[in-house]
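Fold and geometry: a report
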Amino acid sequence: MHKLLFAFCLIFLASCSTQKKTVSNNKGKSVIQTSKPTATTSRPANTSSRPASTNVSKPTVSESTSPKEELKATSTVKITQQVVLDYIDQFKETAKSNMKEFGIPASITLAQGILESGAGTARLSVQANNHFGIKCHKEWQGDQIFHDDDAKDECFRKYKDPSESFRDHALFLSTRKYYVQLFTLEKDNYKAWAKGLKDAGYATDPKYPDKLTSLIERYQLHRFDAEVLGKPVLADEKPKSNPSSNSNSSIETTLIKTHRVEKGDTLYSLSRKYQMTLEELKKMNNLNDNNISIGQILKVK
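Keep in mind the model is a prediction, meaning the values are calculated, not measured. (Residues numbered from 1 in each chain as written. Predicted model: local features only at pLDDT ≥ 70, side-chain atom pairs only at ≥ 80, totals over all residues. Heavy atoms only, no water.)

1. Structural notes on helix H7 (residues 208–218)
Where burial is concerned, most of H7 is hidden: eight out of the eleven residues are buried. Listed as buried for H7 are Tyr208, Pro209, Leu212, Thr213, Leu215, Ile216, Glu217 and Arg218. Where H7 is buried, its residues meet helix H3 (106–117), helix H6 (190–199), helix H8 (222–229) and strand S3 (258–260). (Buried < 20%, exposed > 50% of the residue type's maximum accessible area, 1.4 Å probe, protein only. Helix = DSSP H or I, 4+ residues; strand = E, 2+ residues; numbered from the N terminus. Contact = heavy atoms within 4.5 Å.)

2. Thoughts on the pairing of strand S2 (residues 154–158)
Counting buried residues in S2 gives four out of five residues, a clear majority hidden from the surface. Both strand S1 (residues 143–147) and S2 contribute to a ladder of five bridges, which runs antiparallel. Note that in S2 the partner of Asp143 across the bridge is Lys158. (Pairing = 2+ DSSP bridges.)

3. Some points on the environment of Pro209
Tracing the backbone through its elements, the reader meets Pro209 in helix H7. With a relative accessible area of 13%, Pro209 lands in the buried category. Separated by eleven residues in the primary sequence, Pro209 and Lys198 have C-alpha atoms spaced 6.6 Å apart. The residues touching Pro209, leaving out its near neighbours within four places in the chain, are Ala194, Lys195 and Lys198.

4. Looking at the pattern of salt bridges
One pass over the full model with this rule turns up 13 salt bridges. Across the pair Lys96 and Glu227 runs a salt bridge whose closest N-O atoms are separated by 2.7 Å. Of this pair, Lys96 sits in helix H2 (residues 81–102) while Glu227 sits in helix H8, placing them 131 residues apart in sequence. Among the residues examined, Lys96 registers a relative accessible area of 13% and is labelled buried. (Salt bridge = Lys/Arg side-chain N within 4 Å of Asp/Glu carboxyl O.)

5. Quick look at the side chain of Glu116
Within the secondary structure layout, Glu116 lies in helix H3. Accessibility expressed as a relative area gives 9% for Glu116, which makes it buried. Within polar-contact distance, the side chain of Glu116 engages the side chain of Tyr202 at 3.5 Å. (Polar contact = N/O pair within 3.5 Å; in protein donor to acceptor, adjacent residues only side chain to side chain.)

6. With respect to the packing of H3 against H7
Two packed helices can be described by the angle between their axes and the distance between those axes. As a packed pair, H3 and H7 sit with axes 9 Å apart at the nearest point and diverge in direction by 110°. In terms of orientation, H3 lies roughly perpendicular with respect to H7. Together, Ser107, Ile108, Ala111, Gln112, Ile114, Leu115 and Glu116 of H3 and Tyr208, Lys211, Leu212, Leu215 and Ile216 of H7 make up the contact between the two elements. Residues of the contact of H3 with H7, tallied by class, amount to eight nonpolar, two polar and two charged. (Axes fitted to C-alpha atoms, helices over the stretch in contact; angles between N-to-C directions. Parallel < 35°, antiparallel > 145°, perpendicular 65-115°, else oblique. Nonpolar A, V, L, I, M, F, W, Y, C, P; charged D, E, K, R; others polar.)

7. What to know about the packing of aromatic side chains
Scanning the entire structure with this criterion turns up nine aromatic pairs. Between Tyr178 and Tyr179, the aromatic rings sit 6.3 Å apart at their centres with planes inclined by 80°, giving edge-to-face as the arrangement. You can call Tyr179 buried: its relative accessible area is 5%. Taken together, Phe172, Tyr178, Tyr179, Tyr202 and Tyr208 form an aromatic cluster joined through their ring pairs. (Phe/Tyr/Trp six-rings, centres within 6.5 Å; stacked < 30°, edge-to-face > 60°.)

8. A few points about the nonpolar core
Ranked by internal contacts, the top residues of the largest apolar core, which has 42 residues, are Ile114, Tyr202 and Leu221. Mapped by element, the contributors of at least two residues to this core are H2, H3, helix H5 (162–175), H6 and H7. It is H2 that provides the largest number of residues to this core, a total of eight residues. Excluding residues within four positions of it along the chain, Leu221 makes contact with Ile88, Ser107, Leu110, Ala111, Ile114, Leu215 and Ile216. (Core = buried A, V, L, I, M, F, W, Y, C linked by side-chain atoms within 4.5 Å.)

9. Looking at the packing of H2 against H8
With their axes 10 Å apart at the nearest point, H2 and H8 run at an angle of 40° to one another. Accordingly, the angle class assigned to the pair H2 and H8 is oblique. Read as a crossing pair, H2 and H8 show a hand that is right-handed. Only Phe224, Asp225, Glu227, Val228 and Leu229 of H8 make contact with H2, whose side of the interface consists of Ile88, Lys92, Lys96, Met99 and Lys100. (Left-handed = near helix turned anticlockwise from the far one by under 90°.)

The following block contains the structure:
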């Protein structure tokens, strides 16, 4: 009897335990199955997205900071004085011929060529015979070369011969309305032409007129204007190359400084301007007295 009672108690207790477990499992399902999977799946998603964005950004930065080729200007091309003199000798007749035909001072043409092509050493002039950096524009039907300028891979005109570049430069200035005012200027007034080019929008560099004027006076390019116009050449001595000069020096360190006499100039005022004594200025220019004339080219320090 005692055994039967004990067995009955065991069966009753086992039955109660089973019911509690079932209830517990039912409650656990409603809580566990809805919350934990959500938390588990959200973290890997965020983690996997970070490396992807990092991998994409690195090539972009590398491309945007890649160095560009240096452009066509004496400020970025190292040349000697002799290179400039050779350039002048090579193209002076072309510049004079264009002056006769189109009315553009030969001095301006040569100075622009020297400045913008690095005296014929820059990439556009070497590979495309383009000495003035003229871009394709919509009307151009000839050969092309692509070069980094204001934007990457811009289209520039490519010529078979440098003389074509000089002629195209003359046509460019003489046929566009922006430069009409230039042709009202005196043909031997290179300073006015240099300033007029800047005012007409040919160049954005505020020092562009000064750079052209400096080249014209240092290499006395105005003598070619005088030859075309049949006027007397006031100073036809061109700078001599210095054999001992460093072949890697820039033209800025090897050029002779000159001053073209303007209205109101006196030897005394020029000596003050260039910090020279009056005697030094007279001796440098082989002057016996203090008389100077408008347009005269004087050597200065």
